[in-house]
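An overview of the molecular structure
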Amino acid sequence: MAKAKKLKSGNYRVLVPDYKDENGKWHYKSFTAKTKKEAEYMAMEFSHNRQRSSASYDDLTLKEAYERYIGIKRGVSSPSTIRGYEQYQNKYLQLLMPMKLRNITAELVQASVSELAVTHSPKSVRNIYGLFHSVMSVYYRQLDLSKIRLPQKQKVEVAVPTTEQINTLLDFCDDYVRVPVLLASHGSLRRSEIRTRYIRFIIPINTDFYFQRVGFCVGLSAQTSECVTACDTVIIQTVSPLI
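Residues numbered from 1 in each chain as written. Predicted model: local features only at pLDDT ≥ 70, side-chain atom pairs only at ≥ 80, totals over all residues. Heavy atoms only, no water.

1. A look at the overall build of the protein chain
Looking only at helices and strands, the protein chain features ten helices and five strands. Per-residue burial for the protein chain yields a buried fraction of 34% across its 243 residues. In the protein chain, the proportion of contacts linking residues at least 24 apart, taken out of those at least 6 apart, comes to 56%. Carbon and sulfur atoms make up 52% of the accessible area of the protein chain, which amounts to about 16,000 Å² in all. (Helix = DSSP H or I, 4+ residues; strand = E, 2+ residues; numbered from the N terminus. Buried < 20%, exposed > 50% of the residue type's maximum accessible area, 1.4 Å probe, protein only. Contact = heavy atoms within 4.5 Å. Areas by Shrake-Rupley, 256 points an atom, 1.4 Å probe, with all protein chains shown as cover.)

What follows is the structure, given as structure tokens:
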């Protein structure tokens, strides 16, 4: 059992190994009390309760563990997050889902991860494994997953257009698309951000429409605001299809 150490405050603290994360790093549970005996008792009680609860989960299948985990997350996670969890449960690691937790080995987990890596991107594999690791951390911490190898992250090569290319594009743009191109090339907005703000901040003046500078700057970066300064004099004609 871990021994209590005296702190500068005069209290005693015990650190109990809790679990290893997917990177092999240990996380600890801290127990602090006014006396050494009390701190060590709290730590011993935690270890005892954890062993007892882990034993009660031995007969759970992985699918049942997923269902329990998703159930306790419903009140604190968004509906889209829960839907994602349910999709992972029903679509991935299907060879492991009917197995009892006590029968799942690190070798089986590695084989499943390697199989996923053949048909899925490294990011997808890491997301799928991340949920599995979280479930196992709650219901079966005895399984050592610290040596599971995940696919390396892919380095994305982004093609950045030159100033000459952007100017050539602008030369062929009419007023209908000129502002979105300017926002993408100078304001660094993504396509989805331009699409939502393109309508939100256009205000009507008679038959013409223009961008309201103050409105556009709300919640946007300083770089984008500079771009808007260059764009706010551009009059958008025939913008009615967007409204």
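2. Some details on the nonpolar core
Among the nonpolar cores identified, the biggest contains 30 residues, and L62, L93, L101, V109 and F132 are the most heavily contacted of them. Looking at this core, the elements that each hand over two or more residues are α2 (62–73), α3 (79–91), α4 (106–119) and α5 (122–139). A total of eight residues in this core trace back to one element, the largest contributor, which is α5. Counting residues in each nonpolar core, the second largest holds eight residues, with A4, F31, A33 and A39 among its members. (Core = buried A, V, L, I, M, F, W, Y, C linked by side-chain atoms within 4.5 Å.)

3. Regarding the packing of helix α6 (residues 163–171) against helix α7 (residues 175–186)
The N-to-C vectors of α6 and α7 enclose an angle of 170°; their axes lie 10 Å apart at closest approach. The orientation of α6 relative to α7 falls into the category roughly antiparallel. Here I166, L169 and L170 of α6 come into contact with α7, specifically with R178, V181, L182, S185 and H186. Counted by class, the contact of α6 with α7 contains five nonpolar, two polar and one charged residues. (Axes fitted to C-alpha atoms, helices over the stretch in contact; angles between N-to-C directions. Parallel < 35°, antiparallel > 145°, perpendicular 65-115°, else oblique. Nonpolar A, V, L, I, M, F, W, Y, C, P; charged D, E, K, R; others polar.)

4. Some points on a nonpolar patch on the surface
Residues L15, W26 and Y28 make up a contiguous nonpolar surface patch of roughly 320 Å² in combined accessible area. Along the polypeptide, L15 turns up in strand β2 (residues 12–20). For L15, a relative accessible area of 38% translates into the label partly exposed. (Patch = residues over 30% accessible without salt bridge, like charges linked within 9 Å, V, L, I, M, F, W, Y side chains within 5 Å. Salt bridge = Lys/Arg side-chain N within 4 Å of Asp/Glu carboxyl O.)

5. Some details on the packing of aromatic side chains
Given two aromatic rings, their pairing is described by the distance between the two centres and the angle made by the two planes. Across all of its chains, the model carries three aromatic pairs by this definition. Measuring from centroid to centroid gives 5.6 Å for Y88 and Y92, while their planes differ by 70°, and the two rings are edge-to-face. With 6.0 Å between their ring centres and 40° between their planes, Y129 and F132 make a pair best called tilted. Linking Y129 with F132, this pair stays in helix α5, spanning three residues, or about one helical turn. (Phe/Tyr/Trp six-rings, centres within 6.5 Å; stacked < 30°, edge-to-face > 60°.)

6. Focus on the environment of T163
By secondary structure assignment, the location of T163 is in helix α6. Between the C-alpha atom of T163 and that of S185, which follows or precedes it by 22 residues, the distance is 9.1 Å.

7. Some words on α3
The terminal C-alpha atoms of α3, which comprises 13 residues, lie 18 Å apart, in line with the 18 Å expected from a rise of 1.5 Å per residue. For α3, the full list of buried residues reads I82, Y85 and Q89. All buried residues of α3 lie within an arc of 60° about the axis, which places them on one face of the element. Facing away from the buried side of α3, by more than 90 degrees, are the exposed residues R83 and N90. L93 lies just past α3 and shows a positive phi near 55°. (Expected span 1.5 Å × (residues − 1). Arc of directions from axis to C-beta.)

8. Notes on the confidence of the model for the protein chain
Predicted confidence across the protein chain gives a mean pLDDT of 77, with 74% of residues reaching 70 or more. For the protein chain, per-element mean pLDDT is lowest for helix α9 (residues 213–217), which scores 35, and highest for α4, which scores 95. In this model, residues 199–243 is a region of pLDDT below 50 whose contacts with residues beyond four sequence positions or in other chains number 60 contacts. (pLDDT = per-residue confidence, 0-100.)

9. Describing the packing of α2 against α3
At a closest axis distance of 10 Å, the pairing of α2 and α3 adopts a crossing angle of 180°. If you check the angle between α2 and α3, you find them roughly antiparallel. From α2, K63, Y66, E67, Y69, I70 and K73 reach across to α3, where they touch I82, Y85, E86 and Q89.

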